[in-house]
Amino acid sequence: MSSGYPWTAWIFWIGGALLALSGLTLLTWSLFWDRSKGRRRCPRCWYDMSATPALICSECGKVAKRERKLGKTRRRWRLAIIAFLGVLSGGWLTLMPKADRDGWWSLVPNRVLIAGLPFAGSIDDFWCKEMARRVALGTPFQDPRFQSRFGAPNYKLTAREWEQFFDRCVAGDVLARPLSERWKQKYGELIHAWTQSGLFEVDPEAEAAQHKLWTLPLHLEVSSRPVWPHDAAPLVECSLQNWWPIVASPRALVTPRTPNPATILVGDSPDRWLILDNSTDEQMTFDVVYEGIPNQPGLATPSTETILIPIRRGGSAADYLTPVVSPDMDAAMRSLRYQVSQYRDGKGRRISFDTRSTQVGAFNGVAVGVVFEFTLNGEVVARQPVWWQAGAIRENFLPFAPPEGNMDRVFMAAPNETAMIRVRSDPNIALRVLDCDQYWEGEVTIPLKIVTR
Ligand SMILES: [Zn+2]
């Protein structure tokens, strides 16, 4: 059947409609039919008291307070409830074929979904998930993956609905003011669901509406651990967030107010990090300059912002990280691959470092914070702190602090020299992996492979 409904759908539609209709009839009858029409009736037992002028019922003894009470309409409440349930189940039955074909969500129109957003919590609750699905789908008709068994439920937002959606995102709500943490969790994520779908399918008439998103300012998020031991250099992670309708690759220059400030450039990705002075205390101030976005009204000129984040000092690494001593993890660490490709013509070198042996679910939540000691024939020639997050995580980036010592000497090793890396755990470096509360403790030695091309 081209409509996508089985023939049995008619049973539900006709049966449901009949049930709902009879329910409605019964409901009307039970509540409004039995009026007094001039009769004087006992309001409790409905005995006809026309024959007596008294206010006391000769049948049940009920005393009516006023003459008017004898003229009430008799309402059969129990029957009304049954009738009402009939109306509900009748309506439910008629909706069943559609719910079965397109899912129950198909009964909730886009408009209702958008209007309900202020009552939803975050992107993780069911209401926002459905909204995210619909804005990400854009046009379900064009993508067979999103079609249901028989046909495609029409979730496509109309021009007016897109406008309502963007207006809602830009305005936020009482509990989720724009750019607040709650706003980010809800409207920010919904906008990302739309931009990241890569479809950008908006009704041409709603083009103007999506430009409202440009009014949402850039936001540099600076995060760190709340407390750092005195003997560890605190690390902050910077990430630049935007909720614009197209990928515009914004950039920001971030400078900490320290005695020897170093400015870093934070782009769309990857996130960038800064290692602060060991003397950092209580709070850190960052001066941020957002670069302008050419040709974008209101954003073409650079803007500045000052961000303060608290950094308390106290305790030791052992207070914040639990050591993980495990033969499995040692084996994984021993399987790290470090290779240097040296170009014969002197046009530089390429370092490839492979941590995949540690990126497995068994090591979830474990930080790796180590010092690489580069040795030649058993003698340490250079050192470098390295840290990353072990476990099955989607994307990983490997920050290396600048090495100390003579790295060139290591990389230019002669074929008859033995180049190795002694990998030694250091909890103060492991603290730089902000999301973890465990760290690998141990020491392994891995070969340093030098290839000449
Ligand atoms: Zn009575």
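Residues numbered from 1 in each chain as written. Predicted model: local features only at pLDDT ≥ 70, side-chain atom pairs only at ≥ 80, totals over all residues. Heavy atoms only, no water.

Draft legend 1. Summary view of the overall build of the protein. Assigned secondary structure in the protein consists of 11 helices and 17 strands. Radius of gyration (C-alpha) of the protein: 35 Å, far over the 22 Å computed for a compact globule of 453 residues. A burial count over the protein gives 42% of its 453 residues as buried. The long-range fraction of contacts in the protein, counting pairs at least 24 apart against all pairs at least 6 apart in sequence, stands at 64%. (Helix = DSSP H or I, 4+ residues; strand = E, 2+ residues; numbered from the N terminus. Rg over C-alpha atoms; globule rule 2.2 N^0.38 Å. Buried < 20%, exposed > 50% of the residue type's maximum accessible area, 1.4 Å probe, protein only. Contact = heavy atoms within 4.5 Å.)

Draft legend 2. Quick look at helix α2 (residues 77–102). Over its 26 residues, α2 extends 37 Å from the first C-alpha to the last, a length consistent with the 38 Å expected when each residue adds 1.5 Å. At Leu 95, α2 is bent by approximately 40°, the largest bend along its length, and proline Pro 97 sits one to four residues beyond. Here α2 has its buried residues at Ala 80, Ala 83, Gly 86, Gly 90, Pro 97, Ala 99, Arg 101 and Asp 102. Where α2 is buried, its residues contact α1 (9–33). Among the residues trailing α2, Gly 103 stands out with phi positive, at a value near 90°. (Expected span 1.5 Å × (residues − 1). Bend = angle between axes of the 7 residues up to and from the residue.)

Draft legend 3. Structural context of the packing of aromatic side chains. Per the counting criterion, the structure on display carries 21 aromatic pairs. Ring geometry for Tyr 5 and Trp 13: centres 5.0 Å apart, planes at 75°, overall edge-to-face. When the centroid spacing of 5.7 Å and the interplanar angle of 65° are considered together, the rings of Trp 105 and Trp 127 count as edge-to-face. Taken together, the residues Trp 105 in the loop between α2 and α3 (110–115) and Trp 127 in helix α4 (residues 126–137) connect sequence positions 22 residues apart. Members of the aromatic cluster, joined through ring pairs, are Tyr 338, Phe 353, Phe 372, Phe 374, Trp 388 and Phe 411. Here the basic side chain of Arg 432 rests over the ring of Trp 387, its NZ or CZ set 4.7 Å away from the ring centre. (Phe/Tyr/Trp six-rings, centres within 6.5 Å; stacked < 30°, edge-to-face > 60°. Lys NZ or Arg CZ within 6 Å of the ring centre and 35° of its normal.)

Draft legend 4. Here's a closer look at a nonpolar patch on the surface. Among the surface-exposed residues, Trp 7, Trp 10, Ile 11, Ile 14 and Leu 18 lie close enough to one another that they form a single nonpolar patch of about 620 Å² accessible area. Relative to the elements of secondary structure, Ile 11 occurs in helix α1. (Patch = residues over 30% accessible without salt bridge, like charges linked within 9 Å, V, L, I, M, F, W, Y side chains within 5 Å. Areas by Shrake-Rupley, 256 points an atom, 1.4 Å probe, with all protein chains shown as cover. Salt bridge = Lys/Arg side-chain N within 4 Å of Asp/Glu carboxyl O.)

Draft legend 5. Molecular detail of the environment of Glu 67. In this structure, Glu 67 sits in the loop between α1 and α2. Expressed as a C-alpha distance, the spacing of Glu 67 and Thr 301, which sit 234 residues apart in the sequence, is 81 Å. Residue contacts for Glu 67: discarding those within four places in its chain leaves Arg 40 and Leu 55.

Draft legend 6. Focus on the side chain of Gln 384. Assignment of secondary structure puts Gln 384 in strand β13 (residues 379–389). Looking at Gln 384, the relative accessible area reads 6%, which means it is buried. Dropping the residues within four chain positions of it, Gln 384 is found in contact with Tyr 338, Val 370, Val 371, Phe 372, Phe 374, Phe 400, Ala 401, Pro 402, Pro 403 and Met 407.

Draft legend 7. Region of the structure containing the sheet that holds strand β1 (residues 219–223). If you trace the three strands from one edge of the open sheet to the other, you get β1-β3-β6, paired in antiparallel fashion. The strands lining the two open edges of the sheet, one partner per strand, are β1 and β6 (272–275). Between one strand axis and the next, the sheet turns through 25° on average, direction left out of account. Direction of pairing for β1 relative to strand β3 (residues 235–241): antiparallel, over a ladder of five bridges. Note on β3: the bridge partner recorded for Leu 220 is Leu 240. (Pairing = 2+ DSSP bridges. Axes fitted to C-alpha atoms, helices over the stretch in contact; angles between N-to-C directions.)

Draft legend 8. Layout of the coordination of the zinc ion. Surrounding the zinc ion are the protein donor atoms Cys 42 (SG), Cys 45 (SG), Cys 57 (SG) and Cys 60 (SG), which sit 2.2 to 2.4 Å from the metal. Around the zinc ion sit four donor atoms; with metal-centred angles ranging over 106 to 115°, the donor geometry is tetrahedral. Counting gaps between the donor residues of the zinc ion yields the pattern C-x2-C-x11-C-x2-C. With Cys 45 in the loop between α1 and α2 and Cys 60 in the loop between α1 and α2, the pair connects residues that are 15 residues apart, well separated along the chain. Residue Cys 45 is classed as partly exposed on the basis of its relative accessible area of 31%. (Donors = N, O, S within 2.8 Å, 3.2 Å for Na, K, Ca; no water. Tetrahedral: all angles 85-135°; square planar, octahedral: opposite > 155°, others 65-115°.)

Draft legend 9. Quick look at the packing of α1 against α2. Axis separation between α1 and α2 bottoms out at 7 Å; the angle between their running directions is 160°. Considering the angle they form, α1 stands roughly antiparallel to α2. Judged by the twist between their axes, the crossing of α1 over α2 is left-handed. A breakdown of the residues in the contact of α1 with α2 according to their chemical character gives 20 nonpolar, eight polar and no charged. (Parallel < 35°, antiparallel > 145°, perpendicular 65-115°, else oblique. Left-handed = near helix turned anticlockwise from the far one by under 90°. Nonpolar A, V, L, I, M, F, W, Y, C, P; charged D, E, K, R; others polar.)

Purely spatial values, then, with no claim about function.
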